[in-house]
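As a plain string of letters, each chain reads:
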2 protein chains.
Amino acid sequence: MTLPPDAAAQLQDLLGSRLSVSTADRDHHAQSESFHRAPPPDAVAWPESADEVAAIVRICADAGLPVIPWGAGTSLEGHALATQGGVTVDLGRMNRVVEIRAEDMQVTVQPGITREALNTELRATGLFFPVDPGANASLGGMAATRCSGTTAVRYGTMRDNVLGLQVVLADGRIIRTGTRAAKSSAGYDLTGLFVGSEGTLGIVTELTLRLHGQPEEVAAAVCAFDSLEHAVECVSATIQSGIPMARIEFVDAVTARAFNLHSGSDMRESPHLMVEFHGSPGAVREDAERFGEIAAEFGAQGFDWATTAEDRNRLWRMRHGAYHACIALRPGATGVVTDVCVPMSHLPAAVAAAAADIRESGLIGPIVGHVGDGNFHAQILVEPGNQTEIATAKAIALRMAERALKVGGTITGEHGIGIGKRALMADEHGQAWQVMGAIKTALDPQNIMNPGKLVPDRN
Amino acid sequence: MTLPPDAAAQLQDLLGSRLSVSTADRDHHAQSESFHRAPPPDAVAWPESADEVAAIVRICADAGLPVIPWGAGTSLEGHALATQGGVTVDLGRMNRVVEIRAEDMQVTVQPGITREALNTELRATGLFFPVDPGANASLGGMAATRCSGTTAVRYGTMRDNVLGLQVVLADGRIIRTGTRAAKSSAGYDLTGLFVGSEGTLGIVTELTLRLHGQPEEVAAAVCAFDSLEHAVECVSATIQSGIPMARIEFVDAVTARAFNLHSGSDMRESPHLMVEFHGSPGAVREDAERFGEIAAEFGAQGFDWATTAEDRNRLWRMRHGAYHACIALRPGATGVVTDVCVPMSHLPAAVAAAAADIRESGLIGPIVGHVGDGNFHAQILVEPGNQTEIATAKAIALRMAERALKVGGTITGEHGIGIGKRALMADEHGQAWQVMGAIKTALDPQNIMNPGKLVPDRN
């Protein structure tokens, strides 16, 4: 498919060289860090302002063309793939910090800035933005996916840390949602509606974010357990005890092996927890001691404390590199990544059942998780194009999702729906999925905003 | 207006004596704790299940009758007044705790339970529900208003503490939103959309709430300041320092006088802060010391520590009684209650400007606030029916709202829109208010769910 000539000419007039129909640019925006594949978009646009985004959307609306927002391309469920063609709007040039208001612990940014770039810019303020999905994602994409990561157990997800948005709607109108106040009861929570809407209701062109004070004291540690069950039960007990963990991450024995092989670590090949404490020196000491007592009850061994900032950075770089370290366990493989989240009391059984399924399949499937939220991932390694393996992996993923739903959990804790999880939406939401569809139709009657994602097909 | 005979007969068949058209019952549901007034509804229904609520809504939908949900009747902006007639659905009989899941720190309740009744039922679990608007509101009403209160600075608002809902929609469908997992990225955040929707999108028939561990140690104190500015600047400094205050409440000199006259206290007639600390014994001691140092910088005096549970209960009962204590400063008066919320750095100026306006007006207008969130209220005492005074009070309220909007704040931090704040919605939201209207139209095409509230009039 190619762009209709009228639309192409208008976009060209608007953007000049910041519009591309080259194969290289289109193919780059057809890539995904997952096994999902789709044809490339018809064109790629690089706007530099909300007004330009609005103009692009109006041109596409006139032509009935899909509009697909693109952040850093790190999503795992094919959110940004142009499954129905159209124009991919790459927000990479809109990557500025607009305003830091340190005294209000807030920052306003453009959507293309990445979380690492943002935290670099914040360093001198004594503040930081905590949401940490591992990948160096863009803030716009993080909001669109309602992502979270290792620190959500303490600081919340994007739902909790976005105060307001500027959004371009499907008809090109530019609206603002939310305020700079810490809370508001003034009408529907549109900020909350757009966070997690995956570009299906509009394109985020500016975000106001809640910042947090850099903790006075930080301590991190790794400890080993003799079984997956003991490690995960330790997490349940820790969370129920009320210790304000800043991070509490599970990695299984396979992941520990991957770290040893590919990240230069020297861990026992057994399940581990990686933990971090934030606070005043007294509070960190107290929290760490209480955690140590609970962990000891579950047989934790080999506590390794990361006392310097460099040690901690190395630790969390290694954790964030788990995906790639694990992929390297099977050269050439790609990962079918699962992402269920369950109530805390069901976490030990849910992780154990997933591990058993993977063991039976004969595939390599390391398990890691932001277990303080009840969220964990199996990353099942398959040979690209091997339909048998992909089917096996998908069957494991499906059973994980079904078990999560059975105990009141969710099919995705943080990765979102994209094209990968859409078939399960009715199972999770029932009639409420139709309500999402009704909202989508009301705000995007032509169905041009990232069509084919998240909501039901129209009748 | 009276009910159409067909609808009346169907409701009668469904509910028997739990439907009333008596003047007494209708008048009771035309009352409001504020100066807002409206005619009574045509009938009052007391359903006992979600299915009955759905049946009521279907009957009303067939007849085109408004449906107005009613919780405890404590809202302050006329949310539950039947301004266009119709059937008020009193949820007072749906007041059960459905299930406590202590290990997941969750509870599922019916909407009519009050927060005090809920916390009484939770007492033995070691958990509590923290959102504390002062009034003994119903949980359904608290969710509908997205309310907060004294503890939001630590535990968040209803937005942060509702995990999932069961909702009856305008066509009688019953949906469930959210999950029992701590987080989810599965589609639009419908829970967040219904929280704060004031009954305009549906009627909440069940809520799943996040609970918190009762703190190991609690300490509370009152201290006096020689000026309003010093007290409020102390709050800004405290919040910016990152001390995890559980409560930090401002009361002005007029309120202190009201407490002395009507609540049996013996306070200096000057501005005060009322604070509370939650945590481990070590953390509480550390936090209290750090707060004491900051407060001393702003000239705080006469620290009075409430060391026993009874002393603390007396303190917060007095704080929650501020509305009625202040009303008693002018016998027969009613209060025009304002509710702005501003970014922390603008709080001192906003409170000072409101105080100056009130002083100039000659009216009595005590100021209190959940200042840790930047939220404060002036309660301007007027003689009921005295249009001059009401106009003066409303003009003060309007200027407070305008000043809040000018600094990026909101016209309502926690009381909601109802009929009282609707005229200001376009000022706060611009085009985004129309987006709220589009969502309302999509989910309630007949406009029967609490019509005349929150969203724009239809064209």
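Small disclaimer: the values here were computed from a predicted structure and weren't measured. (Residues numbered from 1 in each chain as written. Chains lettered and ligands numbered in written order. Predicted model: local features only at pLDDT ≥ 70, side-chain atom pairs only at ≥ 80, totals over all residues. Heavy atoms only, no water.)

Trainee: Whenever I open this one, the overall build of chain A confuses me. Can you help?
Mentor: Regarding its fold elements, chain A presents 17 helices and 19 strands. Taking 2.2 N^0.38 as the reference for a compact globule, 459 residues should give roughly 23 Å; the C-alpha atoms of chain A span a radius of gyration of 22 Å, in line with that estimate. Referenced to the eigenvectors of the C-alpha coordinate spread, the extents of chain A come out at roughly 70 × 55 × 40 Å. With 459 residues in all, chain A has 63% of them scored as buried. If you take every contact in chain A between residues at least 6 apart in sequence, the share linking residues at least 24 apart comes to 70%. In the structure as shown, chain A presents an accessible area of about 16100 Å², 49% of it carried by carbon and sulfur atoms. Taken together, the 37 basic and 53 acidic charged side chains of chain A have centroids lying 2 Å from each other. (Helix = DSSP H or I, 4+ residues; strand = E, 2+ residues; numbered from the N terminus. Rg over C-alpha atoms; globule rule 2.2 N^0.38 Å. Buried < 20%, exposed > 50% of the residue type's maximum accessible area, 1.4 Å probe, protein only. Contact = heavy atoms within 4.5 Å. Areas by Shrake-Rupley, 256 points an atom, 1.4 Å probe, with all protein chains shown as cover. Lys, Arg positive; Asp, Glu negative; His and termini not counted. Charge placed at Lys NZ, Arg CZ, Asp CG, Glu CD.)

Trainee: Would you explain helix H17 (residues 431–443) of chain A in this entry?
Mentor: Given 3.6 residues to a turn, an α-helix orients residues that are three or four positions apart in the same direction. The end-to-end C-alpha distance of H17 of chain A is 19 Å, a good match for the 18 Å that 13 residues give at a rise of 1.5 Å each. Of all the residues in H17 of chain A, the buried ones are Ala 432, Trp 433, Val 435, Met 436, Gly 437, Ile 439, Lys 440 and Leu 443 of chain A. Turning to H17 of chain A, the residues buried within the fold contact helix H8 (190–194) and helix H16 (425–429) of chain A together with strand E9 (174–178), helix H8 (190–194) and helix H17 (431–443) of chain B. (Expected span 1.5 Å × (residues − 1).)

Trainee: Explain the sheet that holds strand E8 (residues 162–168) of chain A to me, please; I cannot follow it from the model alone.
Mentor: Note: strands within a sheet are paired through backbone hydrogen bonds, in either parallel or antiparallel orientation. Residue and element names in this part refer to chain A. Pairing within the open sheet is antiparallel, and its five strands lie in the order E5-E6-E10-E8-E9. In the strand order of this sheet, the two ends are held by strand E5 (97–101) and strand E9 (174–178), each with one partner. Across this sheet, the average inter-strand angle for adjacent strands is 10°, counted without regard to direction. In this sheet, E9 lies alongside E8 in antiparallel orientation, the contact comprising five bridges. If you follow Gly 164 over to E9, its bridge partner there is Gly 178. (Pairing = 2+ DSSP bridges. Axes fitted to C-alpha atoms, helices over the stretch in contact; angles between N-to-C directions.)

Trainee: Sorry, what's going on with the domain arrangement of chain A here?
Mentor: All names here are of chain A. Assigned domains within chain A: domain 1 (5–92), domain 2 (95–213) and domain 3 (217–406). A separation of 36 Å is found between the C-alpha centroids of domain 1 and domain 3. Across the boundary between the two partners, domain 1 contributes four residues, which contact seven residues of domain 3. A buried area of about 480 Å², summed over both sides, lies between domain 1 and domain 3, and 64% of it is on carbon and sulfur atoms. When residues of domain 1 are sorted by the area they lose upon contact with domain 3, Glu 33, Phe 35 and Leu 76 head the list and together hold 84% of the total. Linking domain 1 with domain 3 are zero salt bridges, by the criterion used here. (Domains from an automatic or database assignment. Buried area = accessible area lost by both parts, 1.4 Å probe. Salt bridge = Lys/Arg side-chain N within 4 Å of Asp/Glu carboxyl O.)

Trainee: Just checking my understanding: could you explain the packing of helix H14 (residues 347–361) of chain B against helix H15 (residues 387–406) of chain B for this structure?
Mentor: The geometry of a pair of packed helices is captured by two quantities: the angle between their axes and the separation between those axes. Residues and elements named next belong to chain B. The contact between H14 and H15 brings their axes to 10 Å, and the two run at 160°. Here H14 lies roughly antiparallel to H15, going by the angle between them. Relative to H15, the crossing made by H14 is right-handed. Between H14 and H15, the contacting residues are Ala 353, Ala 354, Asp 357, Ile 358 and Ser 361 on the first element and Thr 392, Ile 396, Arg 399, Met 400 and Arg 403 on the second. Looking at side-chain class alone, the contact of H14 with H15 contains five nonpolar, two polar and three charged residues. (Parallel < 35°, antiparallel > 145°, perpendicular 65-115°, else oblique. Left-handed = near helix turned anticlockwise from the far one by under 90°. Nonpolar A, V, L, I, M, F, W, Y, C, P; charged D, E, K, R; others polar.)

Trainee: What is the right way to look at the relation of the copies chain A and chain B in this model?
Mentor: Copies of the same chain, two in number, are related to each other by a rotation about an axis and a translation along it. For these two chains of identical sequence, chain A goes onto chain B by a turn of 180° and a shift of 0.0 Å along the axis, with RMSD 0.0 Å. Classification of the inter-copy transformation places it as that of a two-fold axis. A high fraction, 100%, of the interface residues of chain A reappear at the interface in chain B, so the copies pair face to face through one surface. (Least-squares fit on C-alpha atoms with pLDDT ≥ 70 in both.)

Trainee: I keep staring at the packing of aromatic side chains and nothing clicks. Help me out?
Mentor: Aromatic ring pairs are described here by two measures, namely the spacing of the ring centres and the angle between the planes. Residues and elements named next belong to chain A. Taken as a whole and judged by the stated rule, the model has ten aromatic pairs over all chains. Site record: aromatic cluster; members linked through ring pairs are Phe 277, Phe 291, Phe 303 and Trp 305. Sitting over the face of the ring of Trp 316, Arg 247 holds its NZ or CZ atom 4.4 Å from the ring centroid. (Phe/Tyr/Trp six-rings, centres within 6.5 Å; stacked < 30°, edge-to-face > 60°. Lys NZ or Arg CZ within 6 Å of the ring centre and 35° of its normal.)

Trainee: Help me understand empty space enclosed by the protein, please; the structure alone is not making it clear to me.
Mentor: A probe matching the size of a water molecule, rolled over the atoms, marks out where space remains unfilled. All names here are of chain B. This model, assessed by the stated rule, comprises four cavities of 30 Å³ or more. Lining the largest cavity we find Gln 31, Ser 32, Glu 33, Trp 70, Gly 73, Thr 74, Ser 75, Gly 78, His 79, Ala 80 and Leu 81. For the lining of the largest cavity, a count of residues per class yields three nonpolar, seven polar and one charged. Approximately 40 Å³ is the volume found for the second largest cavity. Of the residues belonging to the lining of the second largest cavity, the class tally is three nonpolar, seven polar and one charged. (1 Å grid on protein atoms, 1.4 Å probe; cavity = no way out; pocket = protein on both sides within 12 Å on 5 of 7 lines; lining within 4 Å. Points joined across faces, edges and corners; volume = space filled by probe spheres on them.)

Trainee: Is there a simple way to think about the interface of chain A and chain B in this case?
Mentor: Counting residues at the interface gives 75 residues for chain A, matched by 75 residues for chain B. Taking both sides of the interface into account, the surface hidden between chain A and chain B amounts to around 5600 Å²; carbon and sulfur atoms contribute 57%. Three residues, Lys 183, Ser 185 and Tyr 188 of chain A, lead the burial of chain A against chain B; their summed loss comes to 17% of the area buried on that side. For the pair chain A and chain B, the number of links is six salt bridges.

Trainee: What is the right way to look at the pattern of salt bridges in this model?
Mentor: Two side chains with opposite charge may pair up if their charged atoms get near one another. All names here are of chain A. Taken as a whole, this structure holds 42 salt bridges over all chains when the rule is applied. The partner of Glu 52 in a salt bridge is Arg 18, with the nearest N and O atoms 2.8 Å apart. Here the residue Glu 52 occupies a position in helix H3 (residues 50–63), and Arg 18 occupies one in the loop between helix H1 (5–15) and strand E1 (19–20), the gap between them amounting to 34 residues. Taken individually, Glu 52 and Arg 18 each receive the classification buried, so the pair is uniform in this respect. Arg 399 is the salt-bridge partner of Asp 357, the closest N and O atoms lying 2.7 Å from each other. With Asp 357 in helix H14 (residues 347–361) and Arg 399 in helix H15 (residues 387–406), this pair connects stretches of sequence that are 42 residues apart. For Asp 357, a relative accessible area of 12% translates into the label buried. For Arg 399, a relative accessible area of 35% gives the class partly exposed. Look at the salt bridges and you will find they share partners, linking Arg 18, Glu 48, Glu 52 and Arg 93 into a network.

Trainee: Where do I start with the nonpolar core in this structure?
Mentor: For soluble globular proteins, the rule of thumb is that nonpolar side chains tend to be buried together. In this structure, Met 158 of chain A together with Met 158 of chain B are the most contacted members of the largest nonpolar core, which totals 90 residues. Once residues lying within four places of it in the same chain are set aside, the contact partners of Met 158 of chain A are Phe 129, Val 131, Leu 139, Met 142, Ala 143, Arg 146, Cys 147, Val 195 and Leu 209 of chain A. (Core = buried A, V, L, I, M, F, W, Y, C linked by side-chain atoms within 4.5 Å.)

Trainee: Explanation requested: the state of the cysteines in the structure shown.
Mentor: Disulfides are covalent bonds that link the sulfur atoms of two cysteine residues. Residue and element names in this part refer to chain A. Taken as a whole and assessed by the stated rule, the structure comprises zero disulfides over all chains. The closest cysteine sulfur to the non-disulfide-bonded Cys 326 is located on Cys 223, 19 Å from its own sulfur. Free cysteine: Cys 341, not disulfide-bonded; nearest cysteine sulfur from Cys 147 at 14 Å. Residue classification places Cys 341 among the buried residues on the basis of a relative accessible area of 0%. (Disulfide = S-S within 2.5 Å.)

Trainee: Quick question: what am I supposed to make of the UniProt feature "domain: FAD-binding PCMH-type" (unreviewed entry) in chain A here?
Mentor: Those residues carrying the UniProt feature "domain: FAD-binding PCMH-type" (unreviewed entry) are residues 37–214 of chain A in this numbering. Taken as a whole, residues 37–214 of chain A contains 24% helix and 25% strand, while its terminal C-alpha atoms sit 40 Å from one another. (UniProt positions renumbered as here; feature names shortened; annotations may be inferred.)

Trainee: Just to check I follow, could you spell out the sheet that holds strand E1 (residues 19–20) of chain B for this structure?
Mentor: Residue and element names in this part refer to chain B. Strands sit in the order E1-E2-E4-E3 across an open sheet of four strands; the sheet is mixed. With one partner strand each, in any of the chains shown, E1 and strand E3 (67–70) form the two edges of the open sheet. Where E3 and strand E4 (residues 87–90) come together, four bridges link them in parallel fashion. Bridging across to E4, Pro 69 finds its partner in Val 89.

Trainee: What am I meant to see in the pairing of strand E10 (residues 203–210) of chain A here?
Mentor: The side chains of a regular strand alternate, first on one face of the sheet and then on the other. Residues and elements named next belong to chain A. Among the eight residues in E10, seven count as buried, and that is most of the element. Note: strand E6 (residues 106–109) against E10, four bridges, orientation antiparallel. Bridging from a neighbouring strand, Val 109 pairs with Leu 207 of E10. In the sheet, E8 pairs with E10 via six bridges, with the strands oriented antiparallel. Each bridged residue has a counterpart across the sheet, and for Val 168 the counterpart in E10 is Ile 203.

Trainee: Please explain helix H1 (residues 5–15) of chain B as it appears in this structure.
Mentor: Residue and element names in this part refer to chain B. Within H1 the residues assigned to the buried category are Ala 7, Leu 11 and Leu 15. Buried residues of H1, seen end-on, are gathered within an arc of 45° and therefore sit on one face of the element. Facing away from the buried side of H1, by more than 90 degrees, are the exposed residues Pro 5, Asp 6 and Asp 13. Where the residues of H1 are buried, they touch E1, strand E2 (43–45), helix H3 (50–63) and E4. Gly 16 sits one or two positions beyond H1 and adopts a positive phi of about 55°. (Arc of directions from axis to C-beta.)

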